[in-house]
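Now for the letters of each chain:
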Amino acid sequence: MMINNSKTLTLIRREQDIAKNLLHQVELIHLAANNHINQNHKNQKGQFFTPLPIASLMASMFDFSLSEISLLDAGAGAGSLLTAIISELCHCHKKPKHLHITAYENDPILIIYLEKTLKCCHKTCELLGINFTYKIDENDFIEAVFNFYQYPLFSEIITTKFTHAILNPPYYKINAQSKYRRLLSSLGLETSNIYTGFIFAAIQLLKINGQLITITPRSFCNGAYFREFRQFFLEKMALQKIHLFDSRQEIFSEDKILQETVIIHANKKSPKPDTILISSSINAEDDIILSHYIPYIEVINPDDSERFIHIITDNLSQKIVEQIKQFNCTLHDLGLNVSTGKVVDFRIKQYLKLNPESGTVPLIYPTHFDHGYISYPKTNKKCQAILSVEETNNLLIPNAHYVLTKRFSTKEEKKRVVAVVYDGTKIDTPSIGFENHLNYYHQQGNGLDLTLAKGLAVYLNSSLVDSFFRLFNGHTQVNATDLRNLKYPNLEQIYLLGKYIGAKFPQQSEIDKIIDRVLFNMNNSSENNPIVTKSRIDEAIEILAVLGFPRKQLNERSGLTLLALLDLKPNETWISAQAPLQGITPMMEFMEKEYGKKYAPNTRETVRRQTIHQFLDAGLIVVNPDNIQRPVNSPKTVYQIEDSALELLRTFKTYEWDKNLRTYLASIETLKTKYAQERLQARIEVNIPGKSILLSPGGQNILIEKIINEFCPRFTPNSNIVYVGDTDEKFAYFDESALLELGIKIDTHGKMPDVIIHFQSQSWLVLIEAVTSHGPIDAKRKTELESLFKNSKIPLVMVTAFLNRKAMKEYLPEISWETDVWVAEDATHLIHFNGENLLQPYQV
């Protein structure tokens, strides 16, 4: 048995090495492809290259139990998705016997790199014992599918249907006159964006029970534009898994995607599963994933004619949905309507006036929104009046009471749904114009009763509606269709809400109390109130923001970690905050029990690395204050809120908060120094010939120690170490005389590299940057170093060092040509960005 286990372990390690080697090779191919194609070219073709971490997540969702797999990648690019699939197969216990890939790509630039990628995949499959074949199809994918279905006897392009399909489709709008609109319409789909066309065409080529995985904007999940596509998709496909990314900036960061992004896994079959696995993470690199199963009918309501797809990521979101379900009224039931503002200003410029004057009526924009009401006119450069003439009569509506909402908002804004009351008695005018960036509620084109308008505005502005809206709306618009599909209280309840509103609109906390009191007959602080729970998490994130934490720490996980450290439940006041000794596992149990956030297993280390570590650096918490010695990274390690931080947080939401916050921020550097002294015991010792130096623990100094002890003996043997930087102390070691002998006089105010080595046998000066949180040697940094060492008598060699490949992936596109890369976990190898030779100065 031990021998068999040993053989199994050896085989697993071999397959892991095969996968690592494949990813390493292909990373360089994709880096070259990315550098070859400029952003304008990508924009024209709607290309958004798939980062390998995302590709790996997508590939991991497939079921590869078939012995023969035929795989389609429609829009393969340089082959990131295909590489991830082969890498995933490396880890499968039962591997397919045959794998055939059909990769569509019609960009001549990318085809060169795609061919190289698939050759690497072929070699890997040979090592795994998989019979691998592939075909690169340079035809336009949409046209190929059209020809296949319209002229099957004459089409030799598509010869098989597929068991699996994986897509990161192009993304851009297609107008009514475009070739693709015509082709897709002929196939039976009316759509306004090419990405849904690619998915539609790929589904046509799947076998029954074939699997589809695709990454797309979330926008198809709701809205009128994608209604027909949703109807087709949900009829043909059975959703199995949905993964949502909380942060849209960090997924396709270089491409400035404003849409939220989802990965979907679906099977081509009629029976729908009982449940769908919904998961979410902050970004693709995040190991901490919220995950739970939701009944299929909760995600796709069979009675919903719009077929909206509701992505409910956790128990807290589920409770919000359950609260909204208590309302049964549609706008039609209430006798109300909602429409989009009729005035598209750039089309009628000749009829617009900067300010009100004789013969004009007001033109209302979102800029006129002011704390629940309209403030008009305003001092601005935008025209805010429209001529009331025959040509504009059809754009105006009677002056009366209305409720207005903004049409455009983003996930990052504090409120997605923003509503105000337009009080017709406040402006003396017979008619009014609402600009196209607004929606307005009315009764068959006429105004509303004022109390009804106020009650409706209260409901729309509630945290409940805002939270619910975020669950199913992933794009930047609040469309009239979305508002029509929202469920509302009955008329009596809306009038009751309106009676609480006077001349001054209430603050958010008061709005939510009114909603609870009138609609749910409960106190705002009641247990199990999902809005109270969500508000408490938002408050924790707000605190971290004012304490100066960077954007990457301003997320739900960090907020929940802070609350767990304070043992603060949703319905408790901040003055109740405590400072128990907390390990990471108990923190995660607290998050699930008290806040309904269940994280996937095996994420303790990620919480420590991505949240707790930053809390320690900021002096917000202390480690092992019970003075029990525990090994580094021990699962028994405990943390506690620092005393002065606890005192501060207990005053949040009180009159003392602002003063106490200023005092705390003024003293935080002293606190950091105090706790830094306690970390001196863990300093890193580094031996330089003739001298031993101590580096501060953690951060980049772990990597610097590896550079000196592993890189130098291997690549610059018998060299002279001239300079070593430190996280806490810039000049931990500096032999200034050695640089002076080389003609270099350093400006000590300049940004030094982390390590400087004089490699005497080659007569090179080697400059090394250790990357753990700061960037690599990119083009800008390379220029800075060349300027700093411009007087050097010997050539410069520049090296970027990383702890591991995962850290390197983040920065691969940024690394400058004519430099080298060293990865500590693969200490015997260098990656060279200089063409022919390793570790040499670049000379033209």
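Above this note sits the structure.
Below, the structure is looked at part by part. (Residues numbered from 1 in each chain as written. Predicted model: local features only at pLDDT ≥ 70, side-chain atom pairs only at ≥ 80, totals over all residues. Heavy atoms only, no water.)

### Comments concerning the overall build of the protein
Helix and strand counts for the protein come out as 27 helices and 31 strands. Of the contacts made within the protein by residues no fewer than 6 positions apart, 71% connect residues no fewer than 24 positions apart. For the protein, the exposed area adds up to about 38200 Å²; of that, 50% sits on carbon and sulfur atoms. (Helix = DSSP H or I, 4+ residues; strand = E, 2+ residues; numbered from the N terminus. Contact = heavy atoms within 4.5 Å. Areas by Shrake-Rupley, 256 points an atom, 1.4 Å probe, with all protein chains shown as cover.)

### Remarks on the sheet that holds strand S31 (residues 830-832)
Ordered in space as S26-S25-S27-S28-S29-S30-S31, the 7 strands form an open sheet in which the pairing is mixed. Either end of the sheet is taken by a strand with one partner, and the two such strands are strand S26 (733-734) and S31. Sheet analysis places strand S30 (residues 820-823) next to S31, joined by 3 bridges and oriented antiparallel. Within S31, the position partnered with Asp 820 by the bridge is His 832. Along the sheet face, helix H26 (residues 779-788) touches strand S28 (764-771) and strand S29 (796-802) and points at about 135° away from the line of S29. (Pairing = 2+ DSSP bridges. Axes fitted to C-alpha atoms, helices over the stretch in contact; angles between N-to-C directions.)

### Let's talk about the sheet that holds strand S19 (residues 431-434)
Strand order in the open sheet formed by 5 strands is S11-S15-S12-S19-S16, with mixed pairing between adjacent strands. On the outer flanks of this sheet lie strand S11 (352-353) and strand S16 (397-398), each paired with one strand and no other. Taken together, the 2 bridges between S11 and strand S15 (residues 385-387) define a ladder with antiparallel strand orientation. Along S15, the bridge assignment pairs Lys 353 with Ala 385.

### Quick look at the pattern of salt bridges
Applying the stated rule across the entire model yields 17 salt bridges. Arg 230 is paired through a salt bridge with Glu 306; the nearest N and O atoms lie 3.8 Å apart. On the criterion of sequence distance, the pair formed by Arg 230 in helix H9 (residues 227-236) and Glu 306 in the loop between helix H10 (296-299) and helix H11 (315-324) is long-range, its members being 76 residues apart. Under the relative-accessibility criterion, Glu 306 is labelled buried at 10%. Two residues, Lys 706 and Glu 710, come together in a salt bridge whose shortest N-O distance is 3.9 Å. Of this pair, Lys 706 and Glu 710 both sit in helix H24 (residues 701-715), separated by 4 residues, roughly a single helical turn. A network of salt bridges, in which partner residues are shared, links Glu 769, Lys 780, Arg 781 and Glu 784. (Salt bridge = Lys/Arg side-chain N within 4 Å of Asp/Glu carboxyl O. Buried < 20%, exposed > 50% of the residue type's maximum accessible area, 1.4 Å probe, protein only.)

### Let's talk about the environment of Gly 498
Within the fold, Gly 498 resides in helix H16 (residues 491-498). Non-local contacts of Gly 498, meaning those with residues more than four positions away in its chain, are made with Thr 451, Lys 454 and Gly 455.

### Notes on the pairing of strand S1 (residues 68-74)
Counting buried residues along S1, 6 of its 7 residues qualify, which places the element largely inside the surrounding structure. Examined bridge by bridge, S1 and strand S2 (residues 98-104) share 7 bridges and lie parallel to one another. Residue pairing across strands places Ser 70 opposite His 100, the latter belonging to S2. A crossover connection joins S1 to the parallel S2 through helix H4 (residues 80-90); in handedness this β-α-β unit is right-handed. Taken together, the 3 bridges between S1 and strand S4 (residues 162-167) define a ladder with parallel strand orientation. Across the sheet, the residue bridging to Leu 71 is His 164, located in S4. (Right-handed = clockwise from strand over helix to strand, strands pointing away.)

### Quick look at the nonpolar core
Membership of the largest hydrophobic core comes to 97 residues, with the highest contact counts inside it found for Phe 141, Phe 233, Leu 239, Ile 309, Tyr 441, Tyr 459 and Tyr 488. Considering every element that reaches this core, the biggest residue donor is helix H8 (residues 194-204), with 8 residues. Among all residues touching Phe 141, those that are not within four sequence positions of it are Leu 72, Ala 74, Tyr 104, Phe 198, Ala 201, Ala 202 and Leu 205. Among the nonpolar cores identified, the runner-up in size contains 47 residues, and Met 61, Phe 64, Leu 81 and Ile 85 belong to it. (Core = buried A, V, L, I, M, F, W, Y, C linked by side-chain atoms within 4.5 Å.)

### As for the pairing of strand S7 (residues 261-267)
When you tally the buried positions in S7, you get 7 out of 7 residues, the bulk of the element. On S7, burial covers both faces: Thr 261, Ile 263, His 265 and Asn 267 on one face and Val 262, Ile 264 and Ala 266 on the other are all buried. Across 7 bridges, strand S5 (residues 206-217) lies against S7 in antiparallel orientation. Note that in S7 the partner of Ile 215 across the bridge is Ile 263.

### Quick look at the packing of helix H13 (residues 450-460) against H16
Look at H13 against H16: their axes get within 7 Å of each other, and the N-to-C directions meet at 90°. Comparing the axis directions of H13 and H16 gives the class roughly perpendicular. Packed against H13, whose contacting residues are Thr 451, Leu 452, Lys 454, Gly 455, Leu 456, Val 458 and Tyr 459, the element H16 presents Leu 491, Ile 494, Tyr 495, Leu 497 and Gly 498 at the interface. Residues belonging to the contact of H13 with H16 are distributed by class as follows: 8 nonpolar, 3 polar and 1 charged. (Parallel < 35°, antiparallel > 145°, perpendicular 65-115°, else oblique. Nonpolar A, V, L, I, M, F, W, Y, C, P; charged D, E, K, R; others polar.)

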